[in-house]
Every structure is written in structure tokens, then in C-alpha cells.
Amino acid sequence: MRQTRLKHILAAMPPAQYALTVGRDTAEPLAGAFAERRAVQPVAGGRPLKPDDWQTTWQSLLAQKPTPAERVVYIHIPFCRQRCLYCGFFQNYSDEELETAYIDSLIQELQLSRNSRYLGSGAVNAVFIGGGTPSTLAPHNVARLLKAIHANLPLANDCELTLEGRINDLVPPKIEAWLTNGVNRISLGVQSFHTQVRQAVGRLDDTQTILERLKLLAGYNQVAVIVDLIYGLPYQTGEVWADDLTLLQAAPIAGMDLYQLSVFEGGALQQAIRAGRLPAAATTAGQARLFAAAEAELAARNFSRLSICHWGKNNRERNMYNTLTKAGSPVIPFGAGAGGNIGGVSMFLDRNVEKYIGSIARGEKPFTMLLRQAAGTQWQHTVVAQLERGYIDLHELAGQYGSGAWELELLLAIWAERGLVTRDTDVPQLTVAGKFWYKNMTQSLVECLHALRDSGRDGQQTIMVHS
Ligand code: SF4
């Protein structure tokens, strides 16, 4: 098996870059396989388009016939009632007058592309209304939006229609507006069931209220209910996390996401900790222990794993939107701050609500960036999708990337020795430690494949590192 070029590429790296790519040789890979956590930035390359070309490019994309592949719609609601300390997504406080004007624009945006060839033919398989906090929308506004989604998008019969929300919004008038207008999946940010843990970071309700509201929603028996938890929050000791997992398992839900806390540099959470208003959040090693505890607990209960951080509790949960976006399916974006990709072009819409409303009033899609992706990038999505599911299949990858993908055997051999993957089957599987570090491993694989491609193209051995 050829592994020569990757060997040379790794050997030529400065020690810090080598450690970031390959990881560290440690007796405790769960806590220390890599020195720091990295984000996945898989789709490298691409050419930004000039602002003068944005609207014509969008019109030409809408004029295309869609491929028969699955595709999804993302709709962004940029309002929250309260700002959570750990959040990097907050945009605007809720304001009913602004919200009503925003929903008017969002409906207009849906109508603007309704008659296009791209949206008029083929089905949409999943719609995700995310934010911000979509559940803050007043019942009359969310009902208008949901009716417009049904009127303007060609939804597949089994389309997954998700609305993101908070426990505090689980009240009958809102729930009934969602359910009578076709929402079939509700994703709730619980973060922790523990009153002190959640209220310390800006969540509103106590344990008892969460349990009562989840019971209320389950009583309608009309939707898949998904709960997100975060591990590593201040006050969230191992005992608190064990209680969180126990309550999660007892809750009337169809699925769950377990996310690692990120303390953003300069963010409100970091400031509160530095000022002594909150105890420190878990270290990376501490987070690894909480992750491993959840792994053991959920595996013992036979929950079905749908991705590294997502579990199904029953077969009502399909997790279609997340699965399709990670695999590189087209995403059609609507709303201030939404992002998407169609026909090899990535796009972002203006986060500023007033500017967004102004663009829509002029009949324009409110872009802030369009990027034509480099040709032949599907293999990058495949790397992401594989590791999201906990395996690395070089055979599948070589079918898209070319035989050079087999050079990654070298990296897999190192990671197997270090306890990050097992080679017991034809397709290497991530261990618990590998699952904890899967984002680092994803980014390393993508960067090595880019370096291999560059070295084959111009003889140079380069690797781009995004930390
Ligand atoms: S409700 Fe969600 S989007 Fe809004 S601040 Fe809290 S975590 Fe962020």
C-alpha cells in the first residue's frame, strides 16, 4: 500500500503542526489525544463572487433543474427572549413589532423564489426552523410562517419539519399553533435539567417546570420531541451530569443531542467565570469524562446512535436535516443570518434584520457573501459524514477522492495504536476516545487529503491548518 507521500508530508511539519494533525502519544487518549480542540472547517477552497454578481448568480441557480438528490431548507429566526451566557448565536432580543415585520419579509422571501424552476420541481425533504429561538414567535406569527412554508415549498410527503425552541415556550397556544400547521419535530434546548446549572447560564425554568412542560407536549402525541443537553457547564459535576442523564432517559422524548460546552474567548460566560460570578466550566479532560459517562450510560440502555452526539430513543426520531446537511445535501436558506449551498455555491444572508427587511422589500435576496466552491469537493463532505457516524471508510473515500485516499492508512495505523480507532472490522470504527476527538480527526483527515492533492499537483508538500 502506498503511504510515501503522506509520510513525507507529516515528516516535514513543524512539531506543533504535527501534534495538531496526528495528535499525542498518551496513556490517556480520552483526555489528552490532542492538545486542543479544533472546529471542523471541511470545505476548503472556493472563489468569492463579486457583490455585483450575487443577484444574477442567485437567479441562475434558481433557474436550474434540481438534481433528484435530497435537499433541505433552513429558515432562521434571529430573536431570543433572553441571552444565554454561553451562546455564540444570539442576534436580537424579541420584540413583537419587529418580529411581525420580520415574518412579513420572510413570507415575501419564500414567495420570491416560489415560481422558480429550482424550487418548483423536486421535493424538499426537511425544513429546519432554527435560531435564535423560533418558539418565541407569537402564535399568530408562527402560524403565518408555517402556512407560507406549506404554500411556497414543495414539501415531500414525509418531510421532516423541525422547530427549535425553549421549554419556557411550551404553552398550549404556541404548541397548538405549531401542531395544527404541520410541525412534526420539536428540538428543545434544555442544556441541563438541574435548576442551578441552567439558571446560572441564563435558562429560565427549574427542573419541575421542565418535566411538566415535556409531559404537556408529549400529551399531544403528534411530534418527535428532541432534547439538547450540554456537558461541562459551571456547577455541572459528575453527579449532576448523572442526574441529567437519568432524567433524560425518563423523559417522554424521541431523541437527544449531547453537546460539548464551548467557552468563547471574551464571551459573557468567560467574563462571568473570570469575574468569579460563576465557578469554572469543566476542562477538556473533565468534558471527556462526562462524555464517556454518557456513552456508557446510553449504550447500556440501547439507545440508537444517529451521529456522534445524537441519539434516538425511539423510531420516531429520524434526524434527517442534520444527517443530510452533514453529507453535503443542498441547503436553501431563508431569513436574516441563514446560510446555505446550492449547485456548488455557498451563501450567507445578512444578519442585520433591518437590512434584511430592506433587501426583501426591493425584491432582492439579502446576501452578504456568495462563494463558488472548488470543483470536486464531495469527498470533504464524505469525510465529515463518516466521522459524524463514527467510522472511517477509505474504500468509499477513494471512490470519490481517488486512490490517494489510501495513504490515510498511515494516519489510521497511528490512531489505532493510540486508541482512537479500532481495526477489528474492514471499516475502522472510532473508539470512545475517538468519538470525543472526532472533530480534530475530521479536520486532520481533510487537511491531509488537501496536502496530498497539492503535493501531487505541484510537487510541494503543504498543509493548511485551521485551528
Ligand atoms: S435561546 Fe438559544 S440562540 Fe438564544 S441566546 Fe439562548 S442559546 Fe443562544
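Residues numbered from 1 in each chain as written. Predicted model: local features only at pLDDT ≥ 70, side-chain atom pairs only at ≥ 80, totals over all residues. Heavy atoms only, no water.

Peer 1: For this particular structure, what's the right way to read helix α11 (residues 238-250)?
Peer 2: Residues spaced three or four apart along an α-helix face the same direction, because each turn holds 3.6 residues. The terminal C-alpha atoms of α11 lie 19 Å apart, and with 13 residues this matches the ideal 18 Å at 1.5 Å per residue to within 8%. Val240, Trp241, Asp244, Leu245, Leu248 and Gln249 are the residues of α11 that are buried. If you follow the buried residues of α11, they end up packed against α9 (195-200), β8 (224-231), β9 (255-260) and α13 (284-300). (Helix = DSSP H or I, 4+ residues; strand = E, 2+ residues; numbered from the N terminus. Expected span 1.5 Å × (residues − 1). Buried < 20%, exposed > 50% of the residue type's maximum accessible area, 1.4 Å probe, protein only. Contact = heavy atoms within 4.5 Å.)

Peer 1: What is the right way to read the side chain of Ser359 from this model?
Peer 2: In this structure, Ser359 sits in helix α15 (residues 353-361). Once residues within four sequence positions are removed from consideration, Ser359 is found in contact with Glu364 and Pro366.

Peer 1: Looking at this structure, how should I read helix α1 (residues 4-11)?
Peer 2: Residues of α1 that are buried include every one of Leu6, Ile9 and Leu10, and no others. The buried residues of α1 occupy an angular sector of 95° when projected down its axis, which confines them to one face. Turned more than 90 degrees from where α1 packs its buried face, Lys7 and Ala11 sit exposed. (Arc of directions from axis to C-beta.)

Peer 1: What exactly am I supposed to notice about the pattern of salt bridges here?
Peer 2: Evaluation of the coordinates by the stated rule reveals 15 salt bridges. A salt bridge links Lys365 to Glu109, with the nearest nitrogen and oxygen atoms 2.6 Å apart. Of this pair, Lys365 sits in the loop between α15 and β15 (367-372) while Glu109 sits in helix α5 (residues 96-112), placing them 256 residues apart in sequence. One network of salt bridges, with partners in common, ties together Glu160, Arg185 and Glu317. (Salt bridge = Lys/Arg side-chain N within 4 Å of Asp/Glu carboxyl O.)

Peer 1: Just to check I follow, could you spell out the site of the ligand for this structure?
Peer 2: Around the ligand, the structure places Cys80, Gln82, Arg83, Cys84, Tyr86, Cys87, Phe90, Gly132, Thr133, Arg166 and Arg203. When grouped by side-chain class, the residues that make up the shell around the ligand number five nonpolar, three polar and three charged. (Near = heavy atom within 4 Å. Nonpolar A, V, L, I, M, F, W, Y, C, P; charged D, E, K, R; others polar.)

Peer 1: How should the nonpolar core be read in this particular structure?
Peer 2: Generally speaking, a soluble globular protein has its nonpolar side chains buried in company with each other. Core analysis: the biggest nonpolar cluster contains 121 residues, and Val127, Ile129, Leu145, Leu214 and Trp415 have the highest contact counts within it. Two domains each provide a minimum of three residues to this core, namely domain 1 (4-44 + 377-458) and domain 2 (51-326). Setting aside its immediate chain neighbours within four residues, Leu214 contacts Ile167, Leu170, Leu188, Phe193, Val225, Val227, Ala251, Pro252 and Ile253. If you look at the next biggest cluster of nonpolar residues, it comprises 13 residues, including Tyr86, Val201, Leu261 and Ala272. (Core = buried A, V, L, I, M, F, W, Y, C linked by side-chain atoms within 4.5 Å. Domains from an automatic or database assignment.)

Peer 1: Just to check I follow, could you spell out the packing of aromatic side chains for this structure?
Peer 2: Think of a pair of aromatic rings as described by two things: how far the centres are apart, and how the planes are tilted against each other in angle. Counted according to the given criterion, the structure contains 13 aromatic pairs. Arranged with centres 6.2 Å apart and planes meeting at 15°, the rings of Tyr74 and Phe128 form a pair that is stacked. Highlighted residues: Tyr74 in strand β2 (residues 72-77) and Phe128 in strand β5 (residues 124-131), separated in sequence by 54 residues. In this structure, Tyr74 and Phe128 share a single accessibility class: buried. Look at Trp379 and Tyr401: their rings are 5.0 Å apart centre to centre, the planes differ by 85°, and that puts the pair in the edge-to-face class. Here Tyr401 lies in helix α17 (residues 394-401) and Trp379 lies in helix α16 (residues 378-388), a separation of 22 residues in the sequence. A residue is classified by how much of its surface remains accessible, and Trp379, at 3% relative accessible area, is buried. Grouped by ring-pair contacts, the aromatic residues Phe34, Tyr231, Trp241, Phe291, Phe436 and Trp437 constitute a single cluster. (Phe/Tyr/Trp six-rings, centres within 6.5 Å; stacked < 30°, edge-to-face > 60°.)

Peer 1: For this particular structure, what's the right way to read the side chain of Asp350?
Peer 2: Tracing the backbone shows Asp350 in the loop between β14 (345-349) and α15. Within the buried core, Asp350 has no salt-bridge partner, and the shortest N-O distance to an opposite charge, that of Lys355, equals 4.8 Å. In contact with Asp350, other than residues within four places in its own chain, are Ala336, Gly337, Lys355, Tyr356, Pro366, Phe367 and Thr368. (Lys, Arg positive; Asp, Glu negative; His and termini not counted.)

Peer 1: Before we go on, may I ask you to explain the domain arrangement of the protein chain in this structure?
Peer 2: Accessible area lost upon the coming together of the parts is a frequently used measure of interface size. If you check the domain split of the protein chain, you get domain 1 (4-44 + 377-458) and domain 2 (51-326). Tallying the contact residues gives 16 residues for domain 1 and 17 residues for domain 2. Roughly 1400 Å² is buried in total at the junction of domain 1 and domain 2, and carbon and sulfur atoms are behind 63% of that figure. When the buried area of domain 1 at its contact with domain 2 is split by residue, Arg37, Glu388 and Phe436 rank highest and sum to 44% of it. Summed over the shared surface of domain 1 and domain 2, the result is two salt bridges. Taken together, the connections running from domain 1 to domain 2 amount to four residue pairs in polar contact (both at pLDDT 80 or more). Elements represented by at least two residues in the side of domain 1 that touches domain 2 include exactly α3 (29-32), α16 and α19 (432-436). (Buried area = accessible area lost by both parts, 1.4 Å probe. Polar contact = N/O pair within 3.5 Å; in protein donor to acceptor, adjacent residues only side chain to side chain.)

Peer 1: So what exactly am I meant to see when it comes to the environment of Ala35 here?
Peer 2: Mapped onto the elements of the fold, Ala35 is located in the loop between α3 and β1 (47-48). Placed 105 residues apart in sequence, Ala35 and His140 show a C-alpha to C-alpha distance of 50 Å.

Peer 1: Would you take a moment to explain the packing of α11 against α13 for this structure?
Peer 2: Helices that pack against each other are described as a pair by the angle of their axes relative to one another and the distance between those axes. Relative to each other, α11 and α13 sit at 30°, their axes nearing to 10 Å. In this structure, the crossing between α11 and α13 has a hand that is right-handed. Every residue of α13 that contacts α11 at Gly238, Trp241, Leu245 and Gln249 is listed here: Leu290, Ala293, Ala294, Glu297 and Leu298. Its residues assigned to classes, the contact of α11 with α13 shows six nonpolar, two polar and one charged. (Axes fitted to C-alpha atoms, helices over the stretch in contact; angles between N-to-C directions. Left-handed = near helix turned anticlockwise from the far one by under 90°.)

Peer 1: Please clarify how empty space enclosed by the protein should be interpreted in this entry.
Peer 2: Empty space among the atoms becomes apparent when a probe as large as a water molecule is rolled across them. Overall, the coordinates contain two cavities of 30 Å³ or more when judged by the stated rule. Put simply, the second largest cavity is a space of about 30 Å³. Together, Arg166, Ile167, Asn168, Arg198, Arg203, Leu204 and Asp205 line the second largest cavity. Broken down by class, the residue content of the lining of the second largest cavity amounts to two nonpolar, one polar and four charged. (1 Å grid on protein atoms, 1.4 Å probe; cavity = no way out; pocket = protein on both sides within 12 Å on 5 of 7 lines; lining within 4 Å. Points joined across faces, edges and corners; volume = space filled by probe spheres on them.)

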